[in-house]
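Residues per chain, in single letters:
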Amino acid sequence: MLQLNVKNETSRLRAVVLGSAVNNGPTPTADEAYDPKSLEHILAGTYPVEKDMVAEMEAFNKVFEKYDVKVFRPEMIENYNQIFSRDIGFVIDDTFIKANILPDRERELDAIQYVIDQMDPKKVVRPHEEVHIEGGDVMVWNDYIFIGTYKGSDYKDYITARTNMEGVQYIKDLFPNKIVKEFDLVKSKIEARDNALHLDCCFQPVGTDKGIIYKSGFREEADYMYLVKLFGKENLFHITRDEMYNMNSNVFSIAPDVVVSEKNFTRLNNWLREKGFTVEEIPYAEIAKQEGLLRCSTLPLIRD
């Protein structure tokens, strides 16, 4: 039995589901793109190829091996993208929540059923159909749960709007003792530099009191100011529009003082080291072309 435990984003990691790029399938057509960044690379002929993505994910896996983290991988589905395991589910405290993801991606949950079978069935929940919620929008931070959403009246017109207010309410009802705070995110179907696909595309805590943030990812300045007040401006690393586009906020913490980051994030990685973090740099720029990075590829199950 897996004793699930995730109370924040940065405590020492013990077990994780890492996605897979094996048998990833052909380059999608423009009509099949789920996000503007993938579309951009499909049209430019620069969409990532399988062997490069497999190599990048193996580099990530090696870091987990180095830190003695138990790694689960999804069972392979032929010709299918299974990289972003964060989308399909997430753990809060000792509960596994299956995400209501885009219907096309339901098979990704089946591919980790062997992991779900090792959990206490009473601790595995699935929201109702009208509830939309994806793991990239949900961040556990001790007494807080931060949730990215989109409050525009045109929600249904945006394939990039992944978590609705029903999703926020569902988490509030499930965890009445937590402070659940939603953040209204900027969405775009056509310009990746103006699209916060999930909350982790514009914010993520690191360490015990710091964070990476992109101010213009929030539709309301009050939401940005909420995080500034909570963390302190001096503890927040502000990324630029291009750094947001390159997914600088989508790093991944193995421990309060260990962060896995993309090797090209020079400014961020230098800041992290200045603040006393060990930065494990790996190549992940090809996977980033699909508007997802390190946090998106992981589904933490157990942290200390």
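Further up the page is the structure itself.
Our subject in this report is the structure included herewith.

### A short note on the overall build of the protein chain
The helix and strand tally for the protein chain stands at 8 helices and 15 strands. Dimensions of the protein chain along its principal axes, counting C-alpha atoms only, are 45 × 45 × 45 Å. Buried residues in the protein chain amount to 61% of all 304 residues. Pairs at least 24 residues apart make up 76% of the contacts formed inside the protein chain by residues separated by at least 6 positions. Total accessible area on the protein chain stands at roughly 12,400 Å², and carbon and sulfur atoms take up 49% of it. One way to put it: in the protein chain the 38 positive side-chain charges average out to a point 4 Å from where the 51 negative ones average out.

### Focus: the sheet that holds strand S8 (residues 179-184)
Ordered by their spatial adjacency, 3 strands build an open sheet running S6-S7-S8, and the pairing between neighbours is mixed. On the outer flanks of this sheet lie strand S6 (138-141) and S8, each paired with one strand and no other. Across the sheet, the mean angle from the axis of one strand to that of its neighbour is 20°, orientation sign disregarded. Of the strand pairs in this sheet, S6 and strand S7 (residues 144-149) are connected by 4 bridges, and their pairing is antiparallel. Bridge pairing in S7 places Trp 141 opposite Tyr 144. Sheet strands touched by helix H5 (residues 165-174): S7 and S8. Its angle to S8, the strand with the most contacts, is close to 170°. Seen against the sheet, helix H6 (residues 221-231) touches S6, S7 and S8 and runs at an angle of roughly 135° to S8.

### Details of the state of the cysteines
Tallied over the entire structure, the rule returns 0 disulfides. Cys 202 takes part in no disulfide bond, and the closest cysteine sulfur, belonging to Cys 201, lies 7.0 Å away. Residue classification places Cys 202 among the buried residues on the basis of a relative accessible area of 0%. Of the cysteine sulfurs around Cys 296, a residue in no disulfide, the closest is that of Cys 201, at 5.6 Å.

### Observations regarding the environment of Lys 210
Within the element layout of this structure, Lys 210 appears in strand S10 (residues 210-213). In the structure, Lys 210 is positioned 65 residues away from Lys 275 in sequence and 9.4 Å away in space, judged by C-alpha atoms. Setting aside anything within four residues of it in sequence, one finds Lys 210 in contact with Pro 205, Phe 231, Asn 235, Trp 271, Lys 275 and Phe 277. Side-chain polar atoms of Lys 210 contact the side chain of Asp 209, separated by 3.0 Å.

### Comments concerning the side chain of Arg 86
Along the chain, Arg 86 falls in the loop between strand S2 (70-72) and strand S3 (89-92). With no salt bridge to any partner, buried Arg 86 finds its closest opposite charge in Glu 9, at an N-O distance of 4.5 Å. In this structure, Arg 86 is in contact with Glu 9, Gly 135, Gly 136, Phe 252, Arg 295, Cys 296, Thr 298 and Pro 300, ignoring residues within four places of it in sequence.

### Focus on the nonpolar core
In this structure, Phe 60, Phe 64, Phe 146, Leu 199, Phe 203 and Phe 218 are the most contacted members of the largest nonpolar core, which totals 58 residues. Looking at which element gives the most residues to this core, the answer is helix H2 (residues 50-66), with 5 residues. When near neighbours in sequence (up to four residues on either side) are disregarded, Phe 203 contacts Met 139, Phe 146, Ile 212, Ile 213, Phe 218, Leu 227, Phe 231, Leu 236 and Ser 249. Residues Val 91, Ile 116, Met 119 and Leu 301 belong to the second largest nonpolar core, which totals 20 residues.

### Considerations on the pattern of salt bridges
Tallying each qualifying case throughout the model produces 23 salt bridges. Between Glu 58 and Lys 62 there is a salt bridge; the shortest N-O distance is 3.3 Å. Of this pair, Glu 58 and Lys 62 both sit in helix H2, 4 residues apart, roughly one helical turn. Judged by relative accessible area, Lys 62 falls into the partly exposed class, the value being 48%. A salt bridge links Arg 126 to Glu 106; the nearest nitrogen and oxygen atoms lie 2.9 Å apart. Remark: Glu 106 occurs in helix H3 (residues 106-110) and Arg 126 occurs in the loop between strand S5 (124-125) and S6; sequence separation between them is 20 residues. The exposure class assigned to Arg 126 is partly exposed, which follows from its relative accessible area of 35%. Assessed through its relative accessible area of 29%, Glu 106 is described here as partly exposed. The structure contains a network of salt bridges with shared partners spanning Lys 7, Asp 93 and Lys 178.

Thresholds, definitions, all that
Residues numbered from 1 in each chain as written. Predicted model: local features only at pLDDT ≥ 70, side-chain atom pairs only at ≥ 80, totals over all residues. Heavy atoms only, no water. Helix = DSSP H or I, 4+ residues; strand = E, 2+ residues; numbered from the N terminus. Buried < 20%, exposed > 50% of the residue type's maximum accessible area, 1.4 Å probe, protein only. Contact = heavy atoms within 4.5 Å. Areas by Shrake-Rupley, 256 points an atom, 1.4 Å probe, with all protein chains shown as cover. Lys, Arg positive; Asp, Glu negative; His and termini not counted. Charge placed at Lys NZ, Arg CZ, Asp CG, Glu CD. Pairing = 2+ DSSP bridges. Axes fitted to C-alpha atoms, helices over the stretch in contact; angles between N-to-C directions. Disulfide = S-S within 2.5 Å. Polar contact = N/O pair within 3.5 Å; in protein donor to acceptor, adjacent residues only side chain to side chain. Salt bridge = Lys/Arg side-chain N within 4 Å of Asp/Glu carboxyl O. Core = buried A, V, L, I, M, F, W, Y, C linked by side-chain atoms within 4.5 Å.

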